[in-house]
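Listed below are the residues making up each chain.
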Amino acid sequence: MGNHSKGHNKPENIKEIQEKFCKNLNFLFTDIDDTITTDGLIDSSAFNAVWKIFKAGIKVVPVTGRPAGWCDHIARMWPVAGVIGENGSFYFSYNHTTKKMKRRYFLSGKERDKNQKKLKAIGERIIREVPGSMIASDQPFRISDLAIDYREDTEPLGKQAVNKICRIMEEEGATYKVSSIHVNCWFGDYDKVACLKQFLKDTTGAEMDTLNERIIFIGDSPNDEPMFKELPYTVAVSNINKFLDDITNLPRYITQNTSGKGFEEMVNIIIGKRNL
Ligand SMILES: [Mg+2]
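Small disclaimer: the values here were computed from a predicted structure and weren't measured.

How each quantity is defined
Residues numbered from 1 in each chain as written. Predicted model: local features only at pLDDT ≥ 70, side-chain atom pairs only at ≥ 80, totals over all residues. Domains from an automatic or database assignment. Contact = placed C-beta atoms within 7 Å. Pairing = 2+ DSSP bridges. Helix = DSSP H or I, 4+ residues; strand = E, 2+ residues; numbered from the N terminus. Core = buried A, V, L, I, M, F, W, Y, C linked by C-beta atoms within 7 Å. Buried ≥ 20, exposed ≤ 12 C-beta atoms within 10 Å, placed from the backbone. Right-handed = clockwise from strand over helix to strand, strands pointing away.

Observations concerning the domain arrangement of the protein chain
Then step 1. Partitioning the protein chain into structural domains gives domain 1 (12–106 + 190–274) and domain 2 (109–186).
Then step 2. The gap between the C-alpha centroids of domain 1 and domain 2 is 24 Å.
Then step 3. Contacts between domain 1 and domain 2 engage 15 residues on the former and 15 residues on the latter.

Here you go:
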């Protein structure tokens, strides 16, 4: 049943990926920030790569720390089978035939409201104690988590400041993850992998482990590590190199290019091998 080695010591060049795997591929799970985007923009060629994968019959599912408000748009208007947002707090999936949006949350509305109050207090403490940090501009569109900006709309903060943000979140009893632009935290026993498993179960009826040979994930940073750890087929765009000290479970493959260009590189290799 395939390669279950979890985490990899040294990523291989993506061009080494097997033809058979590419031909059997059903699902591409993908990070968005600095994986599809480049310097905060989605290049036309990167967005076209998403369409190419969709047209090849592979279901695309973005997996992101971005807010519910954005995910509602993505689920409706991108060529995707669904979107996992706020670090796995929920997935949204839009059916264009029935015109129905499915929204599956891990926590009840009541729990989410209660958590929002606690998260607000944590955000206020971080702003007070870590100069230069700010509440992320997309916070009003979030349902379940708190996002602290350390280099999106604020001057980039150093590692020490980022570590301090993480320590405060930890002290307050929240789960946290560092993305390439934000530090996110939340209350609740879920993460991106748990949500990915739920999505697969609900859409295929099968457990993730039985689908390992049909799934690939691509990301770029430490907040993608849960997927690098749990899935046998994972890719990182080469900007992952600057985070290697912070990651224990490396991806299986790496691209030569960074960000959106790296995403396109992977898509072209997979589609090329499917067509052999
Ligand atoms: Mg990212």
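Some details on the pairing of strand β6 (residues 100–105)
Then step 1. Pairing analysis gives 6 bridges linking strand β5 (residues 90–95) to β6, with the strands arranged antiparallel. Across the sheet, residue F92 finds its bridge partner in β6, namely R103.
Then step 2. Between β5 and β6, which pair antiparallel in sequence order, lie 4 residues; one of them, K99, sits at a positive phi of approximately 55 degrees.

As for the nonpolar core
Then step 1. Grouped together as the largest cluster of nonpolar side chains are 53 residues, with contacts concentrated most on F29 and V61.
Then step 2. At 5 residues, the largest contribution of residues to this core is made by helix α6 (residues 192–204).
Then step 3. Setting aside its immediate chain neighbours within four residues, F29 contacts V61, V63, L196, I215, F217 and M227.

Things to note about the pairing of strand β2 (residues 27–30)
Then step 1. Covered by surrounding structure in β2 are F27 and F29 together with L28 and T30, the residues of both alternating faces.
Then step 2. Here 4 bridges tie β2 to strand β3 (residues 59–62), and the two strands are oriented parallel to one another. When the bridges of β3 are listed, F29 appears paired with V61.
Then step 3. Between β2 and its parallel partner β3, the chain crosses via helix α2 (residues 44–55), and the hand of that crossover is right-handed.
Then step 4. Inspection of the sheet shows β2 paired to strand β11 (residues 215–219) by 4 bridges, in the parallel sense. The residue bridging T30 from the neighbouring strand is I218, located in β11.

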